[in-house]
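Structural overview
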Amino acid sequence: MKKISLLVLFITLLGCKNEHTYENKIKKDVMFLSDDKLEGRETGTDGELKAAEYISQRYAEIGIEPKGTEGYYQTFSFKPTNDPHGEVAFTNIAEDGTVTGTNVVGYINNNAKNTVVIGAHYDHLGYGGDGSLYKGEKAIHNGADDNASGVAVMLDLAGKLKDVNTSNNYLLIAFSGEEMGLLGSNYFVKNPTIDTKAVSYMINMDMVGRLKQDSTLAVYGTGTSPIFKQVLNSHNDNFKLIEKESGVGPSDHTSFYLADIPVLHFFTGQHEDYHKPGDDFDKLNYKGMATISSYIFEIISDLNDNGKLAFRKTKNESEETPRFKVGLGVVPDYLYDGTGMRIDGISEDKPAQKAGLQKGDVVVKLGDSTVTDMMSYMRALSAFEPGDSTVVSVERKKDILDFNLIFK
């Protein structure tokens with residue numbers, strides 16, 4: 001009996017040790033979620049369900065309890081529209097044309113008064129569709145950066161937070177339907193599985209896998225609570241921070257901000273593989289992702305004893321965005337904080353490529369308008385119609401070059 005008791009005790013202690021041992025699996029998580037076998041994780045497909053099953057298994061492995069409506073899952077049905085990030089109506093009726101998405105929801109219950117939401121969308125574009133920027137033959141869009149990277153960092157944070165910083169509970173949500181219009185986060189906020197009045201703040205991660213050599217990290221929502229800027233900067237030893245105050249943007253944090261919840265959204269910038277088949281796991285900066293995860297963990301730890309954070313409304317920058325009918329056919333570098341608009345990628349057979357512009361060029365003038373930043377660039381574009389021609393001036397290796405350009 002004594003030997004059996006000691007053996008049982010040893011196994012029990014070993015099990016406890018495994019349960020509470022944190023392990024960095026960021027690269028493994030990205031590789032699974034961006035594998036061809038998941039066929040791009042389009043909302044409502046078998047590939048997305050395989051990803052949902054994997055995420056729920058990872059929750060269970062970490063020791064996170066289910067907090068969906070069906071275990072870890074919270075399903076929602078809707079009819080898609082042709083308006084990306086537009087409004088759709090949710091429905092409880094399964095009929096032709098209806099798509100069912102699945103949020104994956106886990107909970108670290110510390111029996112605390114307040115809860116912190118940590119989220120990232122896990123759906124992507126499948127084989128492309130309307131959201132794709134790829135002009136070639138049908139191909140799987142694996143979305144390693146967009147957004148297997150955010151999910152992997154979310155899972156990494158979940159492992160770090162288990163049994164620490166216990167003054168808050170933590171709700172982990174892998175959102176579905178983001179690419180079709182922030183649908184999963186919208187649905188959750190309208191149909192929460194916890195009391196959202198007790199949510200202190202929400203952290204969102206979307207495309208955090210390509211930290212560049214200059215370590216530029218964008219953080220949106222910094223104005224949505226008075227304490228955010230101080231905390232962000234007091235723990236920053238590694239990044240060139242680009243801070244945006246607005247709580248509104250093209251990712252899931254927007255749904256929570258619109259429910260009067262403070263938000264922080266982390267983003268390492270767009271790139272040439274954005275919404276294309278080339279967004280694969282081998283192009284990610286895993287050391288950078290681990291550093292971002294550690295940074296967010298320090299922020300959460302600092303805020304652990306601050307209670308429910310004060311919410312503050314911010315200017316909706318998207319309402320001030322000029323409307324335009326033409327484009328250069330470039331991917332802007334949204335993290336560039338110099339004068340002008342730096343080009344991070346060139347689309348094939350578009351005005352910029354035909355005119356001779358290159359990746360790395362900084363647009364400083366478009367027609368008669370001086371370009372000092374993204375907003376002035378968009379204002380300049382709004383003055384043109386398809387078929388118009390103009391001169392675009394760019395800075396290239398300290399030289400100013402002029403190119404003749406025709407808008408399609």
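Rules behind the numbers
Residues numbered from 1 in each chain as written. Predicted model: local features only at pLDDT ≥ 70, side-chain atom pairs only at ≥ 80, totals over all residues. Heavy atoms only, no water. Helix = DSSP H or I, 4+ residues; strand = E, 2+ residues; numbered from the N terminus. Buried < 20%, exposed > 50% of the residue type's maximum accessible area, 1.4 Å probe, protein only. Contact = heavy atoms within 4.5 Å. Areas by Shrake-Rupley, 256 points an atom, 1.4 Å probe, with all protein chains shown as cover. Lys, Arg positive; Asp, Glu negative; His and termini not counted. Charge placed at Lys NZ, Arg CZ, Asp CG, Glu CD. Expected span 1.5 Å × (residues − 1). Salt bridge = Lys/Arg side-chain N within 4 Å of Asp/Glu carboxyl O. Patch = residues over 30% accessible without salt bridge, like charges linked within 9 Å, V, L, I, M, F, W, Y side chains within 5 Å. Core = buried A, V, L, I, M, F, W, Y, C linked by side-chain atoms within 4.5 Å. Pairing = 2+ DSSP bridges. Axes fitted to C-alpha atoms, helices over the stretch in contact; angles between N-to-C directions. Left-handed = near helix turned anticlockwise from the far one by under 90°. Nonpolar A, V, L, I, M, F, W, Y, C, P; charged D, E, K, R; others polar.

What follows concerns the overall build of the chain. Regarding its fold elements, the chain presents 10 helices and 16 strands. Seen through its principal axes, the chain has C-alpha atoms that stretch 90 × 50 × 40 Å. For the chain, buried positions account for 53% of its 408 residues. Within the chain, residue pairs in contact and separated by at least 24 positions form 75% of the contacts whose partners lie at least 6 positions apart. About 18900 Å² of surface is accessible on the chain, with carbon and sulfur atoms providing 49% of the total. Once the 43 positive and 58 negative side-chain charges of the chain are each reduced to a mean point, those two points are 3 Å apart.

Since one α-helical turn is 3.6 residues long, residues separated by three or four positions face the same way. Between the first and last C-alpha of helix H4 (residues 144-161) there are 24 Å, a value that for 18 residues agrees with the 26 Å anticipated at 1.5 Å per step. For H4, the tally of buried residues reaches 18 of 18 residues, placing the bulk of the element in the interior. Taken from the residues just after H4, Asp163 is the one with a positive phi, measuring 75 degrees.

Bringing the pattern of salt bridges into the picture now. Under the criterion given, the structure shown has 19 salt bridges. The partner of Lys25 in a salt bridge is Glu61, and the shortest N-O contact between them spans 2.6 Å. With Lys25 in the loop between helix H1 (2-20) and helix H2 (26-33) and Glu61 in helix H3 (residues 46-62), the pair connects residues that are 36 residues apart, well separated along the chain. The class of Lys25 is buried, set by a relative accessible area of 13%. Between Asp163 and Lys162 there is a salt bridge; the shortest N-O distance is 3.5 Å. Several salt bridges share partner residues, and in doing so they unite Lys25, Asp29, Arg58 and Glu61 into one network.

Further remarks concern a negative patch on the surface. A cluster of acidic side chains, namely Asp35, Asp36, Glu39 and Asp46, defines a negative patch on the protein surface. Assignment of secondary structure puts Glu39 in the loop between H2 and H3. Taking the relative accessible area as the measure of exposure, Glu39 reaches 37% and is therefore partly exposed.

Let us now look at the nonpolar core. Grouped together as the largest cluster of nonpolar side chains are 55 residues, with contacts concentrated most on Tyr59, Ile118, Met154, Leu172, Met205 and Phe266. Among the elements that take part in this core, H4 stands out by supplying 10 residues, more than any other. Residues in contact with Tyr59, not counting those within four places in the same chain, are Ile64, Tyr72, Val104, Val105, Gly106, Met154, Leu155, Leu172, Ile173 and Ala174. One finds Met341, Ile346, Ala355 and Phe384 within the second-largest nonpolar core, a separate group that totals 23 residues.

Once that is clear, we can look at the pairing of strand S2 (residues 73-78). On any regular strand, side chains alternate: one points to one face of the sheet, the next to the other face. When S2 meets strand S4 (residues 99-108), the two strands line up antiparallel, connected through 6 bridges. If you follow Phe78 over to S4, its bridge partner there is Val99. Sheet analysis places S2 next to strand S3 (residues 90-91), joined by 2 bridges and oriented antiparallel. Looking at the pairing, Ser77 lines up with Thr91 of S3.

In terms of burial, helix H5 (residues 183-190) is a largely internal element, 6 of the 8 residues being buried. Taken as a whole, H5 has its buried residues at Leu183, Gly184, Ser185, Asn186, Tyr187 and Phe188. Close packing links the buried residues of H5 with S2, S3, S4, strand S6 (168-175) and helix H7 (253-257).

We now examine the side chain of Ser225. By the element assignment, Ser225 lies in the loop between strand S8 (216-220) and helix H6 (228-234). The exposure class of Ser225 is buried, given its relative accessible area of 1%. Ignoring sequence-local partners within four residues, the contact set of Ser225 consists of Pro262, Leu309, Ala310 and Arg312.

Geometrically, the link from Asp146 to Asn147 is a cis peptide bond, its omega value of 5 degrees lying close to zero. Phi angles above zero are rare outside glycine, and Glu39 is one such case at about 50 degrees. Despite not being glycine, Asp260 has its phi angle at roughly 65 degrees, a positive value. One can find Asp260 in the loop between H7 and strand S10 (263-267). Its relative accessible area of 41% is what places Asp260 among the partly exposed residues.

Glancing now at the packing of H2 against helix H8 (residues 286-302). Packing of H2 against H8 leaves a shortest axis separation of 10 Å and a crossing angle of 115 degrees. Crossing geometry of H2 relative to H8 is assigned as right-handed. Here Ile26, Lys27 and Val30 of H2 come into contact with H8, specifically with Tyr286, Met289 and Ala290. When its residues are assigned to classes, the contact of H2 with H8 shows 5 nonpolar, no polar and 1 charged.

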